[in-house]
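Residue-level structure breakdown
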Amino acid sequence: MPIPKLNFLLKWTKERIPVDVQDLKSISNEPVPNHLKHWWFALGGTPAILFCIQIVTGIFLLFYYVPTPTEAYDSVTKITHEVRFGWYIRSIHKWASELMIVTVMLHMSRVYFTGAYRKPRELNWMVGVIILFVTLGLAFTGYSLTYDQLSYWAAVVGTEIAESTPLVGPLAADFIRGGQEISGNTLTRLYVFHIVIFPAALAGLVVLHIIFVRLQGVTQFEFERERRSRHRTYPLFPDHILTEAILGILILYLLTMMAIIFPAGLGDRADPLMTPEHIKPEWYFFASFRWLKLTNVYIGVIGQIFFVGVIIAWPFIDRIFENKFPKAELSVWIGILGFSFYLILTIWEALV
Amino acid sequence: MSLNAKKIVIVVIGLFFLCSLLIIGAIESNKRVLGKKATIKVSAVSKNCVECHSVKSPSLVEQWRDSMHAIRGVACMDCHEALKTDVDAWEHEGYTIAVIVSPKDCSKCHAQENKEFQESHHADAAKIIGSLDNVLAEVVEGNTGRLGLDGNSPAAINGCWQCHGSVVKIGKDGRPTPATWPNTGIGRINPDGSKGSCTACHSRHTFSPVVARQPDSCGKCHMGPDHPQKEIYEASKHGIAFKAFKEYMKLDAQPWRVGIEYTAAPTCATCHMSATQEQSVTHDVGRRISWNLRPPISEKIDAKAIKAGKAVESWEQRRKNMKNVCSKCHSDKYVDGFYIQFDSAINLYNEKYGIPSTKIIKMMKAGGVLTPTAFDEELEWTYFYLWHHEGRRARHGASMMAPDYTQWHGFFEVAERFYIHFVPQVKEACEKAIHKKGESAATAKEVLKELDTILNKEEHKWFLGKMSSDEKASRKAAAEEFKKRYAQN
């Protein structure tokens with residue numbers, strides 16, 4: 001039974017913010033299709049939760065990080081060793097970024113293998129692919145900010161790869177670097193990309209992505225068992241929200257355990273005059289790195305651009321395959337092939 | 001999963017999460033209390049060393065933990081491991097180790113630094129053991145007999161050798177003898193035959209470049225009445241700037257280049273060793289020095305090598321190397337002007353005091369006017385003070401811009417020593433020899449003649465009251481002008 005003071009507060013608010021709570025509840029309580037009860041359908045919400053965690057931890061890191069070549073490494077060292085719980089926030093930020101890439105890729109695989117990119121969802125697929133690349137961009141720019149040896153030289157190699165793109169390469173490299181060579185401008189630029197441009201873009205794209213999902217509904221299809229159930233949907237409140245809550249608290253717990261067992265470390269200070277013997281990018285670029293090592297610069301770069309093009313345009317390519325070979329389920333086989341190829345190249349680079 | 005089941009799952013995972021946060025809090029407070037840093041990986045072999053010595057010598061282990069070695073995974077056995085055939089190897093808790101880590105051992109990873117160091121005069125510091133200075137420590141001041149330690153003079157063991165380095169001897173028990181170790185003198189002759197001791201500047205076990213770059217590190221040895229480089233530095237503008245702006249010096253930066261990582265002031269290392277934009281760091285401290293200011297008569301640093309027919313870096317090139325450092329703060333004209341002034345001071349010392357006094361003493365020793373025993377006559381001490389103490393102070397003061405050392409601790413005392421002690425003592429010794437009418441009488445007469453020739457030179461004439469009337473007049477006029485300028489009314 002509501003206490004008088006609470007009633008007064010509700011009345012006071014309603015007079016100034018005229019929203020009917022009941023209406024709000026019924027609008028947002030969209031029925032969720034039953035198959036979302038399967039946990040691998042939660043892979044879309046997971047990166048979103050991680051994105052929110054990244055923003056919060058990122059803001060805390062922003063309090064202490066200094067984006068100049070002379071101060072960057074020292075500020076990261078300070079965060080890791082001197083700032084209260086700085087090592088914890090930094091470790092969360094690091095592991096959440098790795099987990100975000102994994103879950104985005106897993107979500108993408110789920111969407112792919114359930115054919116959820118097909119008409120009328122082609123546009124949403126393309127938005128999703130762009131989200132993947134913005135996420136990778138966030139990871140790359142974020143990694144470059146620590147300004148230790150590996151991070152600095154990974155950025156150097158990254159800009160050199162960009163530079164070797166035919167036609168637009170030098171322009172793109174100059175844009176990333178803020179000049180013809182890596183300088184203080186470069187760090188500032190990567191910093192701006194990491195804290196403003198990419199997050200804003202990602203937020204906008206995710207909103208668009210969710211709008212599309214709400215407009216078109218989650219892909220409806222059912223499994224054998226579910227055909228027998230009377231209800232085809234279940235409520236968003238509180239059922240699916242609780243599912244998402246479980247997910248959220250599980251992620252927080254996992255990230256904290258990762259921070260305890262594998263806290264984020266720091267290599268040697270970046271030395272532009274000393275090239276380390278083995279420069280390696282982060283694991284999510286291993287496949288790309290290995291591909292470049294296996295091929296010459298043209299096939300390496302153009303090949304990857306082609307690959308990206310195929311992924312973006314996949315709904316339309318798939319449609320052609322469906323029309324020509326309806327029963328073959330070519331998309332599944334091509335998907336298995338493509339994914340395996342990425343996995344093999346990644347593991348190869350990791351081992352060598 | 002039913003709604004209730006979901007709620008239970010949330011609570012359970014939530015509890016796990018809260019427990020993990022407790023662990024986070026514990027880790028954080030642990031860090032704060034003990035100041036511990038991120039875990040360092042230690043090889044299995046060295047783990048035993050760390051475990052035991054954390055109790056036996058905790059500061060030693062903590063210093064190592066703070067070092068770059070620890071961060072890079074270089075631990076105890078990587079430096080102290082010895083082969084059974086090594087002359088200083090011994091069995092310790094089941095491991096074959098050597099306590100002394102020589103530059104040869106360090107060169108496993110620091111080959112370039114060791115190569116440069118071995119070519120430097122620092123590595124030859126133990127040469128003193130064959131010099132006159134050592135006679136002082138072993139015979140004059142000390143004793144190698146009944147008061148000696150294993151036949152060595154305690155004055156040398158505790159004094160000279162602690163800077164210059166001992167010759168480490170291994171006793172019958174396989175351990176270094178107490179007379180020769182502990183010793184971290186920079187020219188130490190190690191059991192493995194290598195020269196030097198890296199820990200002389202890069203104090204163990206932190207081996208921090210911050211310590212090595214600090215002027216006090218050099219100042220442990222480069223100080224005192226016979227070579228007050230530290231005192232001179234502190235009295236100079238360079239030292240004053242360092243004291244004022246030490247917090248801006250970024251002593252822990254790597255690389256550490258004057259004009260880039262730091263600009264506030266030079267330290268000893270800045271000029272004599274450390275990197276500039278054009279030069280990399282060198283552990284050969286002679287590479288930027290043009291004069292040898294040590295001997296009774298100063299000569300250019302490559303003179304000895306040229307006489308011996310060896311090809312070394314010319315003094316002109318070394319001066320250029322030094323000028324490269326100066327140029328980071330000073331204009332070329334300024335630097336060139338300084339060197340002209342400095343060269344003139346060395347020339348003054350050489351010509352007025354160094355060369356004449358050395359010639360006299362050589363004649364007296366050769367002709368028997370002075371006994372063959374070193375330091376048994378007052379004149380020998382006088383001469384020693386003249387070139388080894390006051391003479392060096394004047395030269396060093398001029399080299400590093402400390403005017404008071406150059407003048408009052410330097411040339412003033414050189415002059416006093418020369419005119420009021422050296423000259424009368426030479427005269428007295430020669431007159432004694434002539435009076436005795438012995439074998440040395442003839443030499444004594446020649447010495448007195450030589451002394452007369454010296455004192456009649458332009459720079460010494462004043463002593464004989466023979467200053468020219470022109471000079472007298474101009475000096476008087478100058479004095480009058482200054483009196484007028486600074487008159488109190």
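Bear in mind the structure is a predicted one, so any value in this text is a computation, not a measurement.

Analysis parameters
Residues numbered from 1 in each chain as written. Chains lettered and ligands numbered in written order. Predicted model: local features only at pLDDT ≥ 70, side-chain atom pairs only at ≥ 80, totals over all residues. Helix = DSSP H or I, 4+ residues; strand = E, 2+ residues; numbered from the N terminus. Buried ≥ 20, exposed ≤ 12 C-beta atoms within 10 Å, placed from the backbone. Contact = placed C-beta atoms within 7 Å. Nonpolar A, V, L, I, M, F, W, Y, C, P; charged D, E, K, R; others polar. Axes fitted to C-alpha atoms, helices over the stretch in contact; angles between N-to-C directions. Parallel < 35°, antiparallel > 145°, perpendicular 65-115°, else oblique. Expected span 1.5 Å × (residues − 1). Core = buried A, V, L, I, M, F, W, Y, C linked by C-beta atoms within 7 Å. pLDDT = per-residue confidence, 0-100.

What about the overall build of chain A?
- Secondary structure assignment for chain A yields 14 helices and two strands.
- With 352 residues in all, chain A has 30% of them scored as buried.

A word on the overall build of chain B
- Along the backbone of chain B there are 21 helices and four strands.
- Buried positions account for 32% of the 489 residues belonging to chain B.
- Excluding contacts between residues fewer than 6 apart, the proportion of contacts in chain B whose partners are at least 24 apart in sequence is 54%.

Regarding unusual backbone geometry
All names here are of chain B.
- Cis rather than trans, the peptide bond between Arg-204 and His-205 has omega equal to -5°.
- Mapped onto the elements, His-205 comes out in the loop between helix H9 (154-164) and helix H10 (209-213).
- The step from Gln-254 to Pro-255 runs through a cis peptide bond, and the omega angle for that step is 0°.

Remarks on the interface of chain A and chain B
- Every contact between the two is made by 20 residues of chain A and, on the other side, 18 residues of chain B.
- Residue composition of the side of chain A that touches chain B, by class: 13 nonpolar, four polar and three charged.

A look at the packing of helix H11 (residues 286-294) of chain A against helix H14 (residues 330-351) of chain A
Residues and elements named next belong to chain A.
- Between H11 and H14, the least distance of the axes is 7 Å, while the angle of their chain directions is 80°. In terms of their interaxial angle, H11 and H14 are classed as roughly perpendicular. Across the interface between the two elements, Phe-286, Ala-287, Phe-289, Arg-290 and Trp-291 of H11 pack against Tyr-342, Leu-345, Thr-346, Trp-348, Glu-349 and Ala-350 of H14.
- Of the residues belonging to the contact of H11 with H14, the class tally is eight nonpolar, one polar and two charged.

Some points on the environment of Ile-260 of chain B
- You can see Ile-260 of chain B is positioned in the loop between helix H13 (237-244) and helix H14 (268-272).
- The spacing of Ile-260 of chain B and Gln-277 of chain B is 17 residues in sequence and 7.5 Å in space, taken between C-alpha atoms.

Quick notes on helix H1 (residues 4-16) of chain A
- Along its 13 residues, H1 of chain A runs 19 Å from first to last C-alpha, staying within 8% of the 18 Å computed at 1.5 Å per residue.
- For H1 of chain A, the buried fraction is low: zero of the 13 residues fall into the buried class.

Here's the deal with the nonpolar core
- Core analysis: the biggest nonpolar cluster contains 53 residues, and Leu-50, Ile-92, Ala-96, Met-100, Tyr-147 and Leu-255 of chain A have the highest contact counts within it.
- Top contributing element to this core by residue count: helix H5 (residues 86-113) of chain A, with twelve residues.
- With near-sequence residues (within four places) excluded, Ala-96 of chain A lies in contact with Leu-50, Ile-53, Gln-54, Thr-57 and Leu-255 of chain A.
- Listed in part, the 38 residues of the second largest apolar core include Cys-106, Ala-126, Val-258 and Val-325 of chain B.

Some details on the confidence of the model for chain B
Residues and elements named next belong to chain B.
- Summarising the model, chain B shows a mean pLDDT of 91, and 97% of its residues fall at 70 or more.
- Least confident of the elements in chain B is helix H4 (residues 68-71), whose mean pLDDT is 81; most confident is helix H17 (residues 332-366), at 97.
- Predicted complex metrics record ipTM = 0.78 and pTM = 0.60.

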